[in-house]
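If you want the building blocks of each chain, they are given just below.
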Amino acid sequence: MKKMQRRGPVTETPPARRVIWEFAHVFTGAAVVAITFNAFLLPNQIASGGVAGISTLFLALFDFVPAYTQWAFNIPLFIAGVLLLGGSLRGSMLYGLKTLAGTLFLPYVVFLTQDWEPATTDPLLASIMGGVGVGIGLGIVFRSSSSTGGTDLAAQIINKYTGLSLGGCVFLIDGLVVTSSAVIFGIEFALYALIALYITGKTIDLVQVGFGYSKMVMIISNYDEEVKQGLLTKVDRGVTKLSGYGGYTNSDRPVLMCVVSQNEISKLKQLVRSIDPEAFVIVSDTSEVLGEGFKRR
C-alpha cells in the first residue's frame, strides 16, 4: 500500500455510461465465446460442458443446428431462473437484462458464424485454443457482473432445491455432458473436452484478476516499531498493525501486515532481516489488490 498524497473523492462513472459499458462487455464476451465455439470446438467434436457442449452432441445425434439447440435450452432456462430464482434475477433487473442479452446474443452469433471455416482440425490444438477463447469470453462477461445463462442457471436451480454446492452442481452438469461425449465421440474426444474445460476455468480466473500478482507479508517481531518505520520509509509501503497473542509466550505479539509488489519482496525481507534476524515472516501470494499504490477500483 504505497503512500500517496490524498486525493479528493473519486467521481463515480455516470450510471447510464456504466450500464452501456457493461452491456458492451456482455455482447463482446458472448461474441468471443460463439466464434471460438464455431472455429475450434464444434468442428472438432469437443463438447466441453454447458449448453454449447449439449448442442455439439445434438448436432451429432440428431443433426440439429447448434444455434437453435442453444436457444431451445437457454430461453426456457432463463424463464425458469426468473420464476425460481427470483431473488437473484428479478431482485436485480439490470443483472436479469444483461443475462437475457447474453442468453440470446451468444446463439445468434453462433448462427451468424456457423459457415466459417474451422481454424484447425487438430483436436488437441482445438481444445487448448477453444478453452482459452471461451475463458476469455466468459471472463469478459463475468467482469460485467453478468452471465450467458444456460447451465449456469440450471446449476443455481439445482443448488437451491437440492442443497448441493453450486460448484458441485456445475461439475455434475458438465460431467454429464463430457460423459455423453465419451459415449458418442469416444474417450479421446472426452479427454480433449476435459482439457478445454480446465483451460477455460484457468483463463476465466486470469481475465478476472489479471497478471498482477502481489505478495502479502505477515511479520511478527520483537522490534515491531522499528520494522514498521522501515517499511514506511525505506520500502515506501503502508503497514497495518494487527493485534496478536502468542500461544507459546502467552503475551501480546503485534502482527504487521504489508502488501508489496513482486519486485519489492526481496527488499522487504532484507530490511526485516537487518532489523531483527529472528523475526517470523510469512509471505503469501495475493491475486488482486485494490487501493492506493495498486490497482484502482
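The rules behind these values
- Residues numbered from 1 in each chain as written.
- Predicted model: local features only at pLDDT ≥ 70, side-chain atom pairs only at ≥ 80, totals over all residues.
- Heavy atoms only, no water.
- UniProt positions renumbered as here; feature names shortened; annotations may be inferred.
- Pairing = 2+ DSSP bridges.
- Helix = DSSP H or I, 4+ residues; strand = E, 2+ residues; numbered from the N terminus.
- pLDDT = per-residue confidence, 0-100.
- Axes fitted to C-alpha atoms, helices over the stretch in contact; angles between N-to-C directions.
- Contact = heavy atoms within 4.5 Å.
- 1 Å grid on protein atoms, 1.4 Å probe; cavity = no way out; pocket = protein on both sides within 12 Å on 5 of 7 lines; lining within 4 Å.
- Points joined across faces, edges and corners; volume = space filled by probe spheres on them.
- Nonpolar A, V, L, I, M, F, W, Y, C, P; charged D, E, K, R; others polar.
- Buried < 20%, exposed > 50% of the residue type's maximum accessible area, 1.4 Å probe, protein only.

For the chain, an unreviewed UniProt entry supplies the name DUF2179 domain-containing protein and the organism Alkalicoccus urumqiensis. The UniProt entry for the chain carries the following comment under Subcellular location (unreviewed entry): "Cell membrane".

Novice: Go over the pairing of strand 1 (residues 214-220) with me, naming the residues and quoting the values.
Specialist: Where strand 1 meets strand 3 (residues 255-261), seven bridges bridge the pair, whose relative direction is antiparallel. The residue bridging Val217 from the neighbouring strand is Cys258, located in strand 3. Both strand 1 and strand 4 (residues 280-286) contribute to a ladder of seven bridges, which runs antiparallel. Within the sheet, the bridge partner assigned to Lys215 lies in strand 4 and is Asp285.

Novice: Mind laying out the confidence of the model for the chain, listing which residues take part and the relevant values?
Specialist: In the predicted model, the chain carries a mean pLDDT of 85, and the fraction of residues at 70 or more is 87%. Within the chain, helix 2 (residues 50-62) carries the highest mean pLDDT (95), whereas helix 6 (residues 151-162) carries the lowest (81).

Novice: So what's going on with the UniProt feature "transmembrane region" (unreviewed entry) in the chain? Residues and values would help.
Specialist: The UniProt entry lists residues 20-40, 71-89, 95-112, 124-142 and 170-199 under the feature "transmembrane region" (unreviewed entry), expressed in the numbering used here. Between the C-alpha atoms that bound residues 170-199 the distance is 16 Å, and the span itself is 97% helix and 0% strand.

Novice: Residues and numbers for the sheet that holds strand 4, please.
Specialist: Reading across the sheet, the four strands line up as 2-3-1-4 and stay open at both edges, with antiparallel pairing between neighbours. The outermost strands of the open sheet, each flanked by one partner alone, are strand 2 (240-242) and strand 4. Mean inter-strand twist for the sheet, computed between neighbouring axes without regard to direction, equals 25°. Direction of pairing for strand 2 relative to strand 3: antiparallel, over a ladder of three bridges. The partner of Thr240 across the bridge, within strand 3, is Met257. Across the face of the sheet, helix 9 (residues 224-235) comes into contact with strand 1, strand 2 and strand 3 while running at roughly 20° to strand 3.

Novice: Talk me through the layout of surface pockets; I want residue IDs and the actual numbers.
Specialist: Empty space within the largest pocket amounts to approximately 750 Å³. Contributions of two or more residues to the lining of the largest pocket are made by helix 1 (15-41), helix 2, helix 3 (66-84), helix 5 (123-143), helix 6, helix 7 (166-185) and helix 8 (187-209). If one sorts the elements of the lining of the largest pocket by residue count, helix 7 sits on top with six residues. When its residues are assigned to classes, the lining of the largest pocket shows 18 nonpolar, 15 polar and two charged.

Novice: Can you explain the environment of Gly139? Please cite residues and give values.
Specialist: Looking at the secondary structure, you find Gly139 in helix 5. The exposure class of Gly139 is buried, given its relative accessible area of 0%. Note: C-alpha distance between Gly139 and Thr203 (64 residues apart in sequence) is 7.5 Å. The contacts of Gly139, once residues within four sequence positions are left out, are Ile204, Val207 and Gln208.

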